[in-house]
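Read off the chains here:
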Amino acid sequence: KQGYDSGFVPKRKFVAGVNIEAIKQVSASNAITLGAEVYYDDAIRSIKDLFNDNTPSTLAGILVGHRFLINKFSFSQQMGFYVYKHLKEYNNYYGNRWHTLYQCYGINYHIKTNWYVGVNLLTHAQVADFIDGRVVYRF
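Everything numeric here is computed off the predicted structure, so don't read it as measured data.

Undergrad: I tried to follow the overall build of the chain on my own but got confused; where do I start?
TA: Counting its regular elements, the chain contains two helices and nine strands. The N-to-C order of helical and strand elements in the chain reads β-β-β-β-α-β-β-α-β-β-β. If one aligns the C-alpha atoms of the chain with their principal axes, the spans along those axes are about 50 × 25 × 25 Å. Here the chain, with 139 residues, has 34% of them falling under the buried criterion. Of the accessible surface of the chain, which amounts to about 8500 Å², a share of 61% is contributed by carbon and sulfur atoms.

Undergrad: Help me understand the nonpolar core, please; the structure alone is not making it clear to me.
TA: As a rule of thumb, nonpolar side chains are buried together in soluble globular proteins. Counting residues in each nonpolar core, the largest one holds 12 residues, listed as Y39, I44, I47, L59, L63, Y82, L87, Y90, Y102, C104, L122 and F130. For this core, the secondary-structure elements that each account for two or more residues are α1 (42–50), β5 (58–70) and β7 (101–112). Aside from chain neighbours lying at most four places away, what touches L122 is E37, Y39, Y82, Y102, Q103, V127, A128, D129 and F130.

Undergrad: In this structure, what is going on with the pairing of strand β8 (residues 115–124)? I would like to understand it.
TA: Note on strand geometry: in a regular strand, side chains alternate between the two faces of the sheet. Examined bridge by bridge, β7 and β8 share nine bridges and lie antiparallel to one another. Across the sheet, residue Y105 finds its bridge partner in β8, namely L121. The loop that links β7 with its antiparallel partner β8 comprises two residues; one of these, N114, has a positive phi angle of about 70 degrees. Pairing analysis gives 10 bridges linking β8 to strand β9 (residues 127–137), with the strands arranged antiparallel. Opposite N120, over in β9, you have D132 as the bridge partner. Hairpin connection between β8 and β9: a loop of two residues separates the two successive antiparallel strands, and A125 in this loop has a positive phi of roughly 50 degrees.

Undergrad: Any chance you could explain the pairing of strand β6 (residues 73–84) here in plain terms?
TA: Summarising the sheet, β5 and β6 pair through 11 bridges and their orientation is antiparallel. Within β6, the residue paired with G61 across the bridge is Y82. Between β5 and β6, which follow one another and run antiparallel, lie two residues, and N71 among them has a positive phi close to 50 degrees. Pairing of β6 with β7 involves nine bridges; the strand directions are antiparallel. Each bridged residue has a counterpart across the sheet, and for S76 the counterpart in β7 is G106.

Undergrad: Would you mind going over the side chain of D41 with me for this structure?
TA: Mapped onto the fold, D41 is located in strand β4 (residues 30–41). Separated by 2.6 Å, the side chains of D41 and K1 make a polar contact.

Undergrad: I'm lost on α1 in this one. Help?
TA: Every α-helix carries 3.6 residues per turn, so stepping three or four residues along brings you back to the same face. Taken as a whole, α1 has its buried residues at D42, A43, I44, S46, I47 and K48. With a side-chain oxygen lying 3.0 Å from the backbone nitrogen of A43, the N-terminal cap of α1 falls on D41. Residue N52 follows α1 closely and has a positive phi angle near 55 degrees.

Procedures and definitions
Think of each chain on its own: its residues are numbered from 1, step by step along the sequence as written. The predicted nature of this model means local features are confined to residues of pLDDT at least 70 and side-chain atom pairs, given and counted, to a pLDDT of 80 or more, with totals for whole chains, interfaces and linings taken over all residues. The basis for every side-chain value is the complete set of non-hydrogen atoms in the structure, without hydrogens or water. Numbered from the N terminus, helices here are DSSP runs of H or I no shorter than four residues, and strands are runs of E no shorter than two. Between buried and exposed lies partly exposed: a residue is buried under 20% and exposed over 50% of the maximum accessible area for its type, with that area taken using a 1.4 Å probe on protein chains only. Computed by Shrake-Rupley with a 1.4 Å probe, the accessible areas treat only the displayed protein chains as cover when residues are assessed. Put simply, a nonpolar core is a bunch of buried Ala, Val, Leu, Ile, Met, Phe, Trp, Tyr and Cys residues held in one set by side-chain atoms that sit within 4.5 Å of each other. It only takes one pair of heavy atoms within 4.5 Å for two residues to be counted as in contact. Strand pairing is defined by DSSP finding a minimum of two bridges between the two strands. For this analysis, a polar contact is any N or O atom pair within 3.5 Å, provided that within protein one partner can donate a hydrogen and the other can accept it, and provided that sequence-adjacent residues contribute only side-chain to side-chain pairs.

Shown next as structure tokens:
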């Protein structure tokens, strides 16, 4: 994700996190989901550093959604609600881009027993924030 170095020069930064999710299959091709995630956003931290804002750059949310199941693929769309974020100074500078609600869209592929790989897109108010790659273990 794009952040900045100390000279206001754009630089790629990382986002890392964990997600836990419960999935209930309700038909042959549909499932509902409930999950929680926590992630650290180094791009936000790099921007907050420019304002001397030392609040945490860790965000946490609760998600509810739907999965469409097709053979080895699953397509998901989820609505998230932040339960932890410290972005007041960031929002004062950039406008209120970070709302309390967010969306997550993804695709997973079943590679072997209990293991999946996937790609997700996280958005805020119809503005893409970042794309992530995922390695998933299913219990």
